[in-house]
Amino acid sequence: MSEHTHDHDHHDADIPHVSLKEYATGFVLAVILTVIPFWLVMGDVLESSTTTVMVILGFALVQIVVHMVFFLHMNFHSEGGWNMLALIFTLILVFITLAGSLWVMHNLNVNMMPGMMEGASLHAPLHAQSC
Amino acid sequence: MSENTMTADVNSTQDGQLEFLVKGDHHPQNGTLLGFWIYLMSDCLIFAALFATYGVLGRSYAGGPTGMELFDLSLIAINTSLLLVSSITYGFAMLQMQANKVKGTMFWLAVTGMLGLGFLSLELYEFHHLIHVGAGPQTSGFWTAFFALVGTHGLHVFFGIVWLVTLLFQLKKHGLIPENKRRVFCLSMFWHFLDVVWVGVFTYVYLMGVLP
């Protein structure tokens with residue numbers, strides 16, 4: 001049945017071929033990569049929250065790649081490579097936006113918090129209030 | 001064929017000379033999918049800005065309630081699974097479309113839309129609950145950034161559902177014509193893209209939000 005569509009392929013060739021195996025693999029991987037971070041956080045599995053943050057961020061990155069490959073059908077030759085080029089360009093911009101904002105604003109916070117310029121006695125109540 | 005030689009004469013007339021340019025499957029009418037992908041990438045930048053805002057304001061509670069106190073992770077887990085299942089049901093719709101079965105395509109699209117509606121209703125319930133307990137967008141920088149980010153994602157899901165319903169009518173009226181196939185594929189990219197963004201949202205906002 002699916003071969004039938006290739007008869008008039010100058011329309012259908014626009015749309016990439018998809019397969020059940022692809023979607024099933026993607027779905028199973030996505031479920032695993034979703035359940036583990038939820039379990040880590042809801043079950044208080046790891047003692048250090050910094051470790052938990054690192055691990056769940058890692059799982060999120062892997063899951064985004066899984067979605068890109070299996071659901072969005074990304075590869076290096078779709079649309080003559082322009083899809084991937086646009087994606088890489090966007091990822092660079094996203095990285096600059098996120099990392100840049102967080103870095104700059106963190107520096108501002110550290111260097112310009114009123115509490116930081118005074119002694120520790122002033123710092124403690126101000127800090128408690130801001131939380 | 002005649003207009004093809006007009007536009008693509010560089011690679012068809014001089015064999016062997018310039019063939020390295022466009023040797024493979026070059027389709028001039030391919031523009032829509034690439035254009036839509038570039039739209040999605042620009043959408044990605046909107047979300048990057050919202051994520052950055054949330055990251056910067058992530059702990060500015062202004063003495064108000066925190067995410068740790070108010071986020072209900074089991075609700076988010078249900079929401080996440082709804083969106084994830086809707087990804088695979090959209091995949092089933094794509095497979096039915098590939099097999100040229102219009103009824104099956106419409107059925108799985110409708111299931112996807114239902115799951116999307118479920119996601120949206122739960123999200124609206126969550127928003128309503130948050131505002132009700134005093135954590136509205138005007139409460140603090142944290143809640144402003146939260147509602148801007150999660151709300152923008154929800155708005156995208158809403159427009160995805162509107163598009164999906166429109167497409168159902170189109171499919172009913174015209175069947176699986178090439179234009180409709182192209183539209184179904186574009187919506188599939190949109191839908192899966194929203195799922196990608198949601199992965200970022202539930203990790204960065206909810207899971208990291210309840211950690212000390």
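Here the structure is a predicted model, which is why all the values come from computation and not from measurement. (Residues numbered from 1 in each chain as written. Chains lettered and ligands numbered in written order. Predicted model: local features only at pLDDT ≥ 70, side-chain atom pairs only at ≥ 80, totals over all residues. Heavy atoms only, no water.)

A.B. asks: I keep staring at the overall build of chain A and nothing clicks. Help me out?
C.D. replies: Secondary structure summary: chain A contains six helices and zero strands in total. Of the regular secondary structure in chain A, the N- to C-terminal order runs α-α-α-α-α-α. For chain A, with 131 residues in total, the buried portion stands at 27%. Contacts in chain A between residues at least 24 apart in sequence constitute 46% of all its contacts with a sequence separation of at least 6. About 8,400 Å² of surface is accessible on chain A, with carbon and sulfur atoms providing 73% of the total. (Helix = DSSP H or I, 4+ residues; strand = E, 2+ residues; numbered from the N terminus. Buried < 20%, exposed > 50% of the residue type's maximum accessible area, 1.4 Å probe, protein only. Contact = heavy atoms within 4.5 Å. Areas by Shrake-Rupley, 256 points an atom, 1.4 Å probe, with all protein chains shown as cover.)

A.B. asks: Which parts of the structure should I look at to understand the interface of chain A and chain B?
C.D. replies: It is common to report an interface's size as the accessible area lost on association of the parts. Each partner contributes to the interface: chain A provides 53 residues, whereas chain B provides 53 residues. Roughly 4,700 Å² of surface becomes buried between chain A and chain B when both sides are summed, with 78% attributable to carbon and sulfur atoms. On the chain A side of the contact with chain B, Ile-15, Phe-38 and Leu-72 of chain A bury the most area, a combined 13% of that side's loss. Scanning the region where chain A abuts chain B turns up zero salt bridges. The interface formed by chain A and chain B holds three residue pairs in polar contact (both at pLDDT 80 or more) in total. At the level of elements, helix H1 (9-12), helix H2 (20-42), helix H3 (49-71), helix H4 (82-112) and helix H6 (120-130) of chain A are the ones that each hand at least two residues to the side of chain A that touches chain B. If you tally residues by element for the side of chain A that touches chain B, the top one is H4 of chain A, at twelve residues. Among the residues making up the side of chain A that touches chain B, the classes are represented as 32 nonpolar, 18 polar and three charged. (Buried area = accessible area lost by both parts, 1.4 Å probe. Salt bridge = Lys/Arg side-chain N within 4 Å of Asp/Glu carboxyl O. Polar contact = N/O pair within 3.5 Å; in protein donor to acceptor, adjacent residues only side chain to side chain. Nonpolar A, V, L, I, M, F, W, Y, C, P; charged D, E, K, R; others polar.)

A.B. asks: What exactly am I supposed to notice about the side chain of Thr-90 of chain A here?
C.D. replies: Following the sequence through the fold, Thr-90 of chain A ends up in helix H4. Those residues within four positions of Thr-90 of chain A in sequence are excluded, and the remaining contacts are Met-41, Cys-44 and Leu-45 of chain B.

A.B. asks: Teacher, can you tell me more about the environment of Leu-122 of chain B here?
C.D. replies: Residues and elements named next belong to chain B. Tracing the backbone through its elements, the reader meets Leu-122 in helix H6 (residues 102-132). Separated by 47 residues in the primary sequence, Leu-122 and Leu-75 place their C-alpha atoms 7.7 Å from one another. In contact with Leu-122, other than residues within four places in its own chain, are Leu-75, Ile-78, Asn-79 and Leu-82.

A.B. asks: Looking at this structure, how should I read the state of the cysteines?
C.D. replies: A covalent bond between the sulfur atoms of two cysteines is what we call a disulfide. Residue and element names in this part refer to chain B. As enumerated under the stated definition, the model contains zero disulfides over all chains in all. Left unpaired, Cys-44 is separated from the closest cysteine sulfur, that of Cys-186, by 17 Å. The exposure class of Cys-44 is buried, given its relative accessible area of 19%. (Disulfide = S-S within 2.5 Å.)

A.B. asks: I'm lost on the side chain of Thr-203 of chain B in this one. Help?
C.D. replies: Checked against the element boundaries, Thr-203 of chain B lands in helix H8 (residues 178-210). Here the side chain of Thr-203 of chain B touches Val-199 of chain B through a polar contact of 2.8 Å, landing on its backbone oxygen. The residues contacting Thr-203 of chain B, other than those within four sequence positions of it, are Ile-56, Leu-57 and Ala-60 of chain A together with Met-208 of chain B.

A.B. asks: How should the packing of aromatic side chains be read in this particular structure?
C.D. replies: One pair of aromatic rings is described through two measures. These are the centre distance and the angle between the planes. All names here are of chain B. If you walk through the whole model with that rule in mind, you get 26 aromatic pairs over all chains. Pairing Phe-71 with Phe-146 gives two aromatic rings, centres 5.3 Å apart and planes at 35°, and the pair type is tilted. On the criterion of sequence distance, the pair formed by Phe-71 in the loop between helix H4 (67-70) and helix H5 (73-98) and Phe-146 in helix H7 (residues 141-174) is long-range, its members being 75 residues apart. With respect to burial, Phe-71 and Phe-146 carry one shared label: buried. Look at Trp-143 and Phe-147: their rings are 6.4 Å apart centre to centre, the planes differ by 50°, and that puts the pair in the tilted class. Within this pair, Trp-143 and its partner Phe-147 are both found in helix H7, separated by four residues, close to a single helical turn. Overall, the relative accessible area of 0% leaves Trp-143 in the buried class. (Phe/Tyr/Trp six-rings, centres within 6.5 Å; stacked < 30°, edge-to-face > 60°.)

A.B. asks: What am I meant to see in the confidence of the model for chain B here?
C.D. replies: Note: predicted coordinates in regions of low pLDDT should not be interpreted at a detailed level. All names here are of chain B. For chain B, the average pLDDT comes to 88, and 86% of its residues sit at 70 or higher. Contacts for the low-pLDDT stretch residues 1-14, under 50 throughout, to residues beyond four places or in other chains number three contacts. Among the scores for the predicted complex, ipTM is 0.81 and pTM is 0.82. (pLDDT = per-residue confidence, 0-100.)

A.B. asks: Honestly, the confidence of the model for chain A in this entry has me stumped. Any pointers?
C.D. replies: Residue and element names in this part refer to chain A. Taken as a whole, chain A shows an average pLDDT of 80; of its residues, 75% reach a score of 70 or greater. Taking the mean pLDDT of every element in chain A, the minimum, 42, falls on H6 and the maximum, 95, on H2. Counting interchain partners and residues more than four positions distant, the pLDDT-below-50 stretch residues 117-131 has seven contacts.

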